Structure formats: structure tokens, C-alpha cells
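Descriptive analysis of the structure
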Number of protein chains: 2
Amino acid sequence: MLKKTDEYRERTVHTEPIFQGKIISLQVDTVELPTGGTATREIVRHPGAAAVLALIDGKMLVVEQYRKPMEKFQVEIPAGKLDAGEDPIVAAGRELEEETGYKAGRLRPLSAFYTSPGFADEKLFIFLAEDLVKGESNPDEDEFLNVEAITFEQAQQYIREERISDAKTILAVYAWQVYRLTGEI
Amino acid sequence: MLKKTDEYRERTVHTEPIFQGKIISLQVDTVELPTGGTATREIVRHPGAAAVLALIDGKMLVVEQYRKPMEKFQVEIPAGKLDAGEDPIVAAGRELEEETGYKAGRLRPLSAFYTSPGFADEKLFIFLAEDLVKGESNPDEDEFLNVEAITFEQAQQYIREERISDAKTILAVYAWQVYRLTGEI
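As the structure is a computational prediction, the values presented were derived from the model and not from experiment.

Screw-axis analysis of chain A against chain B gives a translation of 0.0 Å along the axis, an RMSD of 0.0 Å, and a rotation angle of 180 degrees. One copy is carried onto the other by what is essentially a two-fold rotation axis. Looking at the interface residues of chain A, 100% of them are also at the interface in chain B, so both copies use one shared face.

All names here are of chain A. By domain assignment, chain A separates into domain 1 (11–45) and domain 2 (49–182). A straight line from the C-alpha centre of domain 1 to that of domain 2 covers 31 Å. Listed per partner, the contact involves 5 residues of domain 1 and 5 residues of domain 2. Its largest share of buried area at the contact with domain 2, domain 1 owes to I23, V44 and R45, together 73% of the area lost on that side.

The next subject is the sheet that holds strand β3 (residues 38–45) of chain A. All names here are of chain A. Pairing within the open sheet is antiparallel, and its 3 strands lie in the order β1-β2-β3. Two strands lie at the open edges of the sheet, namely β1 (11–20) and β3, each paired on one side alone. Each adjacent strand pair in this sheet contributes to an overall mean axis angle of 20 degrees, direction not counted. Pairing of β1 with strand β2 (residues 25–32), which is carried by 8 bridges, proceeds in the antiparallel orientation. Counterpart to E16 in the pairing with β2 is V28.

One non-glycine residue, E162(A), lies in positive phi territory at about 60 degrees. By the secondary structure assignment, E162(A) is in the loop between α2 (152–160) and α3 (167–182).

Moving on, we get to the pattern of salt bridges. Evaluation of the coordinates by the stated rule reveals 34 salt bridges over all chains. With its nearest N and O atoms 2.7 Å apart, the salt bridge here joins E86(A) to R94(A).

A separate point is the packing of α3(A) against helix α3 (residues 167–182) of chain B. At a minimum axis distance of 10 Å, the contact between α3(A) and α3(B) shows a crossing angle of 25 degrees. Regarding the angle of α3(A) to α3(B), the classification is roughly parallel. In the packing of α3(A) onto α3(B), the handedness of the crossing is left-handed. Facing α3(A), whose interface residues are A167(A), I170(A), L171(A), Y174(A), A175(A), Q177(A), V178(A), L181(A) and T182(A), α3(B) presents A167(B), I170(B), L171(B), Y174(B), A175(B), Q177(B), V178(B), L181(B) and T182(B).

It is worth spelling out the nonpolar core at this point. Side chains of a nonpolar character, in soluble globular proteins, are inclined to be buried together. Core analysis: the largest hydrophobic core is formed by 54 residues, its most contacted members being M60(A) and M60(B). Beyond its immediate stretch of four places on either side in the chain, M60(B) contacts L53(B), A54(B), L55(B), I77(B), E148(B), A149(B), I150(B), A155(B), T169(B), V173(B) and W176(B).

Now for the interface of chain A and chain B. Counting from both sides, the interface comprises 80 residues of chain A and, opposite them, 80 residues of chain B. A buried area of about 7,000 Å², summed over both sides, lies between chain A and chain B, and 64% of it is on carbon and sulfur atoms. For the interface between chain A and chain B, the tally reads 2 salt bridges. Among the salt bridges present, the one from E162(A) reaches K123(B), with a minimum N-O distance of 2.9 Å.

Now for the sheet that holds strand β1 (residues 11–20) of chain B. Strand pairs in the sheet, formed through backbone hydrogen bonds, run parallel or antiparallel to each other. Residue and element names in this part refer to chain B. If you trace the 3 strands from one edge of the open sheet to the other, you get β1-β2-β3, paired in antiparallel fashion. One side of each edge strand has no neighbouring strand; the edge strands of this open sheet are β1 and β3 (38–45). On average, each strand axis in the sheet is inclined to that of its neighbour by 20 degrees, with strand direction left out of account.

Here the focus is the environment of F127(B). Residue and element names in this part refer to chain B. Position of F127 relative to the elements: it lies in strand β9 (residues 123–134). Sequence spacing of F127 and A172 is 45 residues, and the spatial spacing of their C-alpha atoms is 9.4 Å. Contact partners of F127, with chain neighbours within four places excluded, come to A50, A51, V52, L53, P88, I89, A92, L107, R108, P109 and L110.

About the cut-offs
- Residues numbered from 1 in each chain as written.
- Chains lettered and ligands numbered in written order.
- Predicted model: local features only at pLDDT ≥ 70, side-chain atom pairs only at ≥ 80, totals over all residues.
- Heavy atoms only, no water.
- Least-squares fit on C-alpha atoms with pLDDT ≥ 70 in both.
- Contact = heavy atoms within 4.5 Å.
- Domains from an automatic or database assignment.
- Buried area = accessible area lost by both parts, 1.4 Å probe.
- Pairing = 2+ DSSP bridges.
- Helix = DSSP H or I, 4+ residues; strand = E, 2+ residues; numbered from the N terminus.
- Axes fitted to C-alpha atoms, helices over the stretch in contact; angles between N-to-C directions.
- Salt bridge = Lys/Arg side-chain N within 4 Å of Asp/Glu carboxyl O.
- Parallel < 35°, antiparallel > 145°, perpendicular 65-115°, else oblique.
- Left-handed = near helix turned anticlockwise from the far one by under 90°.
- Core = buried A, V, L, I, M, F, W, Y, C linked by side-chain atoms within 4.5 Å.
- Buried < 20%, exposed > 50% of the residue type's maximum accessible area, 1.4 Å probe, protein only.

Structure below.
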């Protein structure tokens, strides 16, 4: 069992707000170290996000979109940030429907993780969609997406080609692999 | 096969530098949309990071540390950011040794992913450590770590308790599970 040593907690002695944007904000905290000195911590605040692993007839629903930070197209499971105060499961259902047109009869929590615990508080919630029904897609006005359903082998190929290369989608493909091996998800 | 539609590429018309820190920098780009309008993109630049899945006698090496963005202790696989121009495999070996005292005879690429493709360019490389030899740990002077080796069942328990809740470690545990099921990693 790992010790939880309370003296290692980093007490904030100063917070410097740097930026408040539409999606993220940035602050620099000065913290006291256990040894008595201080250090700075650069911290990005993010509202969190929800994503969906949606399997239909043995295929996974993915969307392709341009990702500006990497300046490249990426194939990802449907996802989006949480609106203020929004329950992740509601966001997951909304993003699935907006981006792919599919409505989930049921969404089950699959995983949840902090994307970058060193500098950001973003938490991402992944749900497994069940009882999918086709409707109409309706992406945000500055989102431009291709929707597709891909096989497990295609997903592995896309990972090798780095067309799939984001944490949530790679994790979803691992979860899918475990599901294929055990029948449980 | 997904289409790769070149007109959906987002052309930058302006870059506003906001912040240059020790670890991250922040800029806001104004981009042209396919429809003709513009939108802004908040972009965090990060040098990238490397992490290690190290299995010894059926246990996984983890470190516990305080994570300021979430204000809590987190149990994670050994990891750290890349130094300027550093090869991820070199950083992985260095972080493993600094944080745990173990030296890997061999490091194999296991996975690599962008942690938050919506707002950051951080790429994280995970390696599988083989032929581990015990030495002495030597963490950075502002790092305070507990090192432990945990079983697969403990890892699952820590995930349920959210003591493990970051992308790289959850992904490493999935990879470990696949390895246990198939004998391949």
C-alpha cells in the first residue's frame, strides 16, 4: 500500500491568473515545497469532456476532423467538452448525436481519466453506447467532420498510421480489444 | 475509408502569443473556416513526455505524487517531460531510473498518443521496460515521490478508487490486461 504523506501536499502561496479563453484558462501558482522552498506550477483549467465508444455490427463509430494544435487530420471517437454544469453522460449523448446522428438507448461509464495531470485539470469521461438508433447529425457550426464506422483491424491500422493517435481513442480501442477477448466491457 | 478533405484544413490568419512558461506555452490562433468565416483556437504547446510500463514479478512499478492541477495525490507509471531535443526512449529510461531507481536493459515502444488534441500538442510516448535491474532513485529536487510495485488487482482497485486516474496509467493497465489475456504486448 502506498503511503499518503500529507506533508507532501503543495500549498499555494500565490495564484497569478494569465489567460481566460473560450475553452481553457491558464494560471501560474507558486507553491511551498516540503523542503521549505517554493516552485511554480503552470496550470490549465478545462471544463472536462465526454466521449463515446459506439459499436455497431462489430464496427466503431469515428469522426475525422482537423486538429489545429497538431496541424493534422485525426480520426477519433465522438467527443466534446462539457457545457457549464453539464453531466458528462448528457454531454456524451449530445456529442454522439450531434457528430454522428446516432442516438444511444443507454450509455454506460467505461473509463474516466485526467488527460495531462502535470499541467491540466481536464477530465475526460468515456461511455459505452448501447441500443444505437440512426438519426441525423448536426455538428457545431465551426466543426467539420467525416463520420465512419471502422472494423477492429482498421482501427489497429489507423493507429499504426497515426491517423488515430489521441489518448481517448487509443484507450477505447484497448477497451474494445479486451471486450473481444473476454466478452466483457 | 475516411476521406481526407484538404479544404477542411484550418489556415492560420493570425497567431497571438499569450504566455511562455517553463513547461508550456500558450497562443491563440485565428483560423479560416471552410465556410469562409473565422474562429479562434486556444493552443497549448508542450515539449512532449515519456512514460514506462515496468513489470517486475507480475507487478507494475508506480509512483505516487501530488498533482497540483487536481489538488490530489495520484498513482502513476513513471513519466516525465522530454528535455529539448531529447529522444523519447532516452527520456523514458532517464525518468524510470530517476523516479524508481530501476534501470531497463531494453525499452520497447508500446503506445504513443496526443493527450488533449482539442487544445494541446502534447504527445506522450509509452515504453515497455524489459530486463530491469535495481539501482538508486534520484528524483528532481521539486519532486516528492513514493515508489511501489502493485499487482494487477491492486491496479484495478486503485482505478476504482480514482487513485489511478490519468490517461497514460489507465492505458498502461489496459495494455497489461491485454498482455495477461494474450501473452503479447
